[in-house]
Amino acid sequence: LHAMAGWALFRDLQFLQAFHHFMYSLDVKIARILVFWRHYLPTSFDPAVAGGKPQDGDGAPEPCSIEDFVRARLAEKSSEKDASASAVTANIGMANAAVVTFLLRQREALQGQERLAPEERNQGAGDPGQLLQAVDTALLKLLIEIDEDDFRLQQVLEGGVRCPVEDLEAFLRERRRLDVLARLWKAHGRYDMVLQEWGAMLRGGGGAGASPGSKASIPRSQIVLEMASALKSASSSVAGADLLRRYVPELLAVDPAAILPVFAGPAGPGRPVACPLAPEEVLELLGGHEDLVRGYLEQLVASKKNVDPKHSLQLALGYVAQVAEDQRRGDDAATTPSPARRKLLRFLEEVAYIDASALLPRVEELKLLQEVVVLHSRENRHSEALRVLVEGLNDLPRAEIYCRIVNARWRRQHQRAASTGSAEEPSIFCTEPPAWARGVVFGSRRSASSSASAGAVSSPSSTELPEGPSGIAGEEGAPRPFMLFLQVLLDASQGAEQRPADYRKVAAEYKDAALSFLMGYAGHRDLPPHEVIGVLPANWPLDSLAPYLAKCARACLHERRATMLEESLSSMAYLKTFSAWATERMRKVTITNDRCCPTCNRRFVDKDAVGKAFVAYP
């Protein structure tokens, strides 16, 4: 009944009410309706095969184009031979609007039927794939013709369409909707055609994608973004490398910032594989755009895949050039380093490998002392790093933190099986070092809460390095940074006495710092007293060293007594073990093949005395 009512209203040109009835009908065939919009359908679609054959008694009019049908019905209703053009146009517009709403609803139903198994579909429903192609093709053409905006069109495109591009290409080019054509090519994986269409629109000034009438032209920025997205997706195609070489220079000339995601973006649904170009070729394409080169190198180094050491060096030099520019403008100060300076320092500490010898001259030229410290540390030149901290930066607390961090890093690298008690890997110049890295002599850097709870300066044994109070000096190859720190302080004291203008402290201050350092770490395995005495200046008075020597004597005496006690306890434990072993050995009975006793020569077993076979001695 709904189908018959719908066709009756359709004949009466009441299209909105007619399609409402069609939506509630289970008997109406979509192909029977689509025949009235035959010139919107694919050329390969046969409505008769899809159920569009006229049937007796269904009330449907004879198939024809919607324009001819409307014109004929208007002529029948009026006495005039030909209906007015305005009336025909208005009725065709209402018919197109109604059928679009109908097809949008039916499209969802067809997609649901397609997901079902053949035996679960509605009775009489065949494969909906071919019908979906026809519906999508008609929908796209009608939406482009009747809609003032592209909202519904974009929704259909984003949901995916089945229509072949060949059936729409001429229609879209005629209406100058190259943007829709490009999106259809992209959905079919034809990235060369996608870029060709967007490129033509870009070269045409950005307005070539607009249809005549009230449709607004596509912004130039949107065209660039669409091309960049297509280039990123084209990485998985065979011709991806050629497309990048062809279109990247064109986009660089228009909007360089849009190019970086093409090379530096992560793999994903739109980028299933990595960039098909080698890093050297990408850098050559990006040449002349320092920001893009730096961004690409950052992504390349962060990925840690096929990273050449020269790329790390190139990125570091890029950071250094940026810092130099900040210094020239006055944006980088010692108290408030610029973002580029902080990025450079973090990069030098975290990068896996970098040629420090090639980077060090440029860093020293710009007087980037913190970066100099990090580079020396990477090359295990701890003496030079400590010298910069003491003489260049005048930061004795940081030098002490540096020594503790170096010891902890060395232990983690060479004794991974041992429990360190902390897995932290702090920066040398971190503002809040972990508890084990805080200094105990030169103004330990504690937080407000920890400093409030500490009543006095802690000793080395209370906040020692993760490996414990004994240190690691006894292990072969250990860096021994505490001894190097002491040597730097002594050299600075002598140098300040001879050349006061070259140092930021007087000789007496360096001497007091060395004595305080010795007192704070007296007894540490990294500072053996016999080696310390050998490096101390001969002109230092004995009374200034007396507290240190007394503390070392007590520490050595305590260690000696502890060793003797351990030896005694070990000996006592051995004697007790030996005594218990001897006692148990005396109770042992050995059975041999002898038939008589080796002492009295008496046979173990006599004919009349079996019980005399076993004799215990003594």
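Given the structure is predicted, the values throughout are model-derived calculations rather than measurements. (Residues numbered from 1 in each chain as written. Predicted model: local features only at pLDDT ≥ 70, side-chain atom pairs only at ≥ 80, totals over all residues. Heavy atoms only, no water.)

S.K.: For this particular structure, what's the right way to read the overall build of the protein?
M.R.: Along the protein, the regular secondary structure elements total 26 helices and zero strands. Burial status across the protein gives 42% buried among its 618 residues. Residue pairs at least 24 apart in sequence account for 62% of intrachain contacts in the protein once pairs closer than 6 positions are excluded. Accessible surface computed for the protein: about 33,600 Å², of which carbon and sulfur atoms make up 53%. (Helix = DSSP H or I, 4+ residues; strand = E, 2+ residues; numbered from the N terminus. Buried < 20%, exposed > 50% of the residue type's maximum accessible area, 1.4 Å probe, protein only. Contact = heavy atoms within 4.5 Å. Areas by Shrake-Rupley, 256 points an atom, 1.4 Å probe, with all protein chains shown as cover.)

S.K.: Teacher, can you tell me more about the packing of helix 8 (residues 166-174) against helix 9 (residues 178-187) here?
M.R.: Geometrically, a packed helix pair is captured by the angle between its two axes and the distance between the axes. Close contact between helix 8 and helix 9 brings their axes to 9 Å; oriented N to C, the two are set at 160 degrees. Accordingly, the angle class assigned to the pair helix 8 and helix 9 is roughly antiparallel. In the packing of helix 8 onto helix 9, the handedness of the crossing is left-handed. The segment helix 8 lies against helix 9, with E166, L168, E169, L172 and R173 engaging L178, V180, L181, L184 and W185. Grouping the amino acids of the contact of helix 8 with helix 9 by side-chain chemistry returns seven nonpolar, no polar and three charged. (Axes fitted to C-alpha atoms, helices over the stretch in contact; angles between N-to-C directions. Parallel < 35°, antiparallel > 145°, perpendicular 65-115°, else oblique. Left-handed = near helix turned anticlockwise from the far one by under 90°. Nonpolar A, V, L, I, M, F, W, Y, C, P; charged D, E, K, R; others polar.)

S.K.: Before we go on, may I ask you to explain the packing of aromatic side chains in this structure?
M.R.: Geometry of an aromatic ring pair is reported as the spacing of the ring centres plus the angle between the planes. Taken as a whole, this structure holds 23 aromatic pairs when the rule is applied. Geometrically, the ring pair formed by F482 and Y521 is tilted, given 4.6 Å between the ring centres and 35 degrees between the ring planes. On the criterion of sequence distance, the pair formed by F482 in helix 23 (residues 481-498) and Y521 in the loop between helix 24 (507-520) and helix 25 (529-535) is long-range, its members being 39 residues apart. Relative accessible area serves as the criterion here: at 0%, F482 is assigned to the buried category. You can call Y521 buried: its relative accessible area is 1%. Here a set of aromatic residues connected by ring pairs shows up, and it is made of W7, F10, F15, F19, F22, F36, W37, F69 and F102. In this structure, K511 packs its charged tip against the face of W540, placed 5.2 Å from the ring centre. (Phe/Tyr/Trp six-rings, centres within 6.5 Å; stacked < 30°, edge-to-face > 60°. Lys NZ or Arg CZ within 6 Å of the ring centre and 35° of its normal.)

S.K.: Which parts of the structure should I look at to understand a nonpolar patch on the surface?
M.R.: On the surface, a cluster of nonpolar side chains totalling about 490 Å² of accessible area is made up of Y574, L575, F578 and W581. Along the chain, the position of Y574 falls in helix 26 (residues 542-586). (Patch = residues over 30% accessible without salt bridge, like charges linked within 9 Å, V, L, I, M, F, W, Y side chains within 5 Å. Salt bridge = Lys/Arg side-chain N within 4 Å of Asp/Glu carboxyl O.)

S.K.: Explanation requested: the side chain of D136 in the structure shown.
M.R.: By secondary structure assignment, the location of D136 is in helix 6 (residues 129-146). Not counting chain neighbours up to four residues away, the residues in contact with D136 comprise R107, V161, R162 and C163.

S.K.: I keep staring at the confidence of the model for the protein and nothing clicks. Help me out?
M.R.: The predicted coordinates of low-pLDDT regions are not to be read in fine detail. Chain-level statistics for the protein give a pLDDT mean of 80 and a share of 81% at 70 or above. Across residues 417-422 the pLDDT falls below 50, and counting only partners more than four positions away or on other chains, this stretch makes five contacts in the model. The low-confidence segment residues 445-474, where pLDDT is below 50, has 52 contacts with residues more than four positions distant or belonging to other chains. (pLDDT = per-residue confidence, 0-100.)

S.K.: For this particular structure, what's the right way to read unusual backbone geometry?
M.R.: Excluding glycine, most residues fall at negative phi; most peptide bonds, likewise, are trans. Phi is positive for R176, which is not a glycine, with a value near 55 degrees. Along the chain, R176 turns up in the loop between helix 8 and helix 9. Even without a glycine there, the phi angle at K367 is positive, about 60 degrees. The topology assignment puts K367 in the loop between helix 18 (356-365) and helix 19 (369-378). The class for K367 is exposed, based on a relative accessible area of 66%.

S.K.: Mind showing me how you'd approach the nonpolar core here?
M.R.: Across soluble globular proteins, nonpolar side chains have a tendency to be buried as a group. One finds F10, F19, W37, F263, F485 and L489 to be the most contacted residues of the largest nonpolar core, which totals 161 residues. In terms of residue count, helix 6 provides more of this core than any other element does, ten residues in total. Setting aside its immediate chain neighbours within four residues, F485 contacts L386, V390, L396, A399, E400, C403, F442 and F517. If you look at the next biggest cluster of nonpolar residues, it comprises five residues, including I401, I405, W436 and A437. (Core = buried A, V, L, I, M, F, W, Y, C linked by side-chain atoms within 4.5 Å.)

S.K.: Hey, could you run me through helix 18 in this one?
M.R.: Note: α-helices contain 3.6 residues per turn, so residues at a spacing of three or four share the same orientation. Turning to helix 18, its buried residues are A356, L359, L360 and V363. Here the buried residues of helix 18 occupy an arc of 115 degrees about the axis, which is enough to place them on one side. The exposed residues of helix 18 that point more than 90 degrees off its buried face are S357 and E365. Where helix 18 is buried, its residues meet helix 16 (309-329), helix 17 (339-350) and helix 19. (Arc of directions from axis to C-beta.)

S.K.: Would you take a moment to explain the packing of helix 5 (residues 85-115) against helix 6 for this structure?
M.R.: Viewed as axis vectors pointing N to C, helix 5 and helix 6 meet at an angle of 150 degrees, and their least axial separation amounts to 10 Å. In terms of orientation, helix 5 and helix 6 fall into the roughly antiparallel class. In the packing of helix 5 onto helix 6, the handedness of the crossing is left-handed. Across from N96, A97, V99, V100, L103, L104, R107, L110, Q111 and E114 in helix 5, the residues of helix 6 making contact are G129, L131, L132, V135, D136, A138, L139, L142, L143 and I146.

S.K.: Quick question: what am I supposed to make of the pattern of salt bridges here?
M.R.: When the charged atoms of two side chains lie near each other, side chains of opposite charge can form a pair. In the structure shown here, the tally under the stated rule is 27 salt bridges. One salt bridge in this structure joins R387 and D491, with 3.6 Å as the shortest N-O distance. With a gap of 104 residues between them, R387 in helix 20 (residues 382-392) and D491 in helix 23 connect regions that are remote in the sequence. The class of R387 is partly exposed, set by a relative accessible area of 27%. Since its relative accessible area comes to 25%, D491 is described here as partly exposed. Where D502 meets R499, a salt bridge forms, and the shortest distance between an N and an O atom there is 3.3 Å.

S.K.: For this particular structure, what's the right way to read helix 2 (residues 15-23)?
M.R.: Among the residues making up helix 2, those that are buried are F15, A18, F19 and F22. For helix 2, the angular spread of the buried residues around the axis is 90 degrees, confining them to a single face.

S.K.: Honestly, the environment of R398 in this entry has me stumped. Any pointers?
M.R.: By the element assignment, R398 lies in helix 21 (residues 396-414). Overall, the relative accessible area of 6% leaves R398 in the buried class. Distance from R398 to F429, taken between C-alpha atoms, is 7.4 Å for residues 31 residues apart in sequence. Here I428 takes part through its backbone oxygen, which lies 2.9 Å from a polar atom of the side chain of R398. (Polar contact = N/O pair within 3.5 Å; in protein donor to acceptor, adjacent residues only side chain to side chain.)

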